[in-house]
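# Observations on the three-dimensional arrangement
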Amino acid sequence: MSKTLLVKPRTKDDLKLISELLKKLKIESSLIDEDELEDAGLTLLMKEADRTKKVSRDLIMKKLSR
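Our subject in this report is the structure included herewith. (Residues numbered from 1 in each chain as written. Predicted model: local features only at pLDDT ≥ 70, side-chain atom pairs only at ≥ 80, totals over all residues. Heavy atoms only, no water.)

A count of helices and strands for the protein gives three helices and zero strands. In sequence order, the protein lays out its α and β elements as α-α-α. Relative to the compact-globule value of 11 Å for 66 residues, the protein shows a C-alpha radius of gyration of 19 Å, a clear excess of over 25%. In terms of overall dimensions, the protein has C-alpha extents of about 55 × 30 × 15 Å along its principal axes. Put simply, the protein has 66 residues, and 0% of those count as buried. Entry remark: accessible area of the protein is about 7300 Å², with carbon and sulfur atoms responsible for 57%. (Helix = DSSP H or I, 4+ residues; strand = E, 2+ residues; numbered from the N terminus. Rg over C-alpha atoms; globule rule 2.2 N^0.38 Å. Buried < 20%, exposed > 50% of the residue type's maximum accessible area, 1.4 Å probe, protein only. Areas by Shrake-Rupley, 256 points an atom, 1.4 Å probe, with all protein chains shown as cover.)

Shown next, in the form of structure tokens:
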């Protein structure tokens, strides 16, 4: 299966319970921190971005100089 389920437990006890359940069910899981979660979100947004439109270098430089 190529889908992923993302779960954010409310407490450390919930995290422990869910982790133990996944291990017992022999379901692969990984712990990631907030930075890794943010990186994954940004990667997803970049993949979905419209890459057909072009922006001039001048416009980019004007935005950066503000």
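Still to come is the rest of the account.
Further remarks concern the environment of Lys23. Summarising the element assignment, Lys23 is placed in helix α1 (residues 12–24). Accessibility expressed as a relative area gives 69% for Lys23, which makes it exposed. For the pair Lys23 and Ile60, spaced 37 residues apart in the sequence, the C-alpha separation amounts to 49 Å.

Turning next to the pattern of salt bridges. Taken as a whole and assessed by the stated rule, the structure comprises two salt bridges. As a salt-bridge pair, Asp14 and Arg10 come within 4.0 Å of each other at their nearest N and O atoms. Among the residues examined, Arg10 registers a relative accessible area of 78% and is labelled exposed. (Salt bridge = Lys/Arg side-chain N within 4 Å of Asp/Glu carboxyl O.)

Let us now look at a negative patch on the surface. There is a patch of like negative charges on the surface, built from Asp33, Asp35, Glu36, Glu38 and Asp39. Note that Asp33 resides in the loop between α1 and α2 (34–48). In this structure Asp33 comes out as partly exposed when scored by relative accessible area, which is 43%. (Patch = residues over 30% accessible without salt bridge, like charges linked within 9 Å, V, L, I, M, F, W, Y side chains within 5 Å. Lys, Arg positive; Asp, Glu negative; His and termini not counted. Charge placed at Lys NZ, Arg CZ, Asp CG, Glu CD.)

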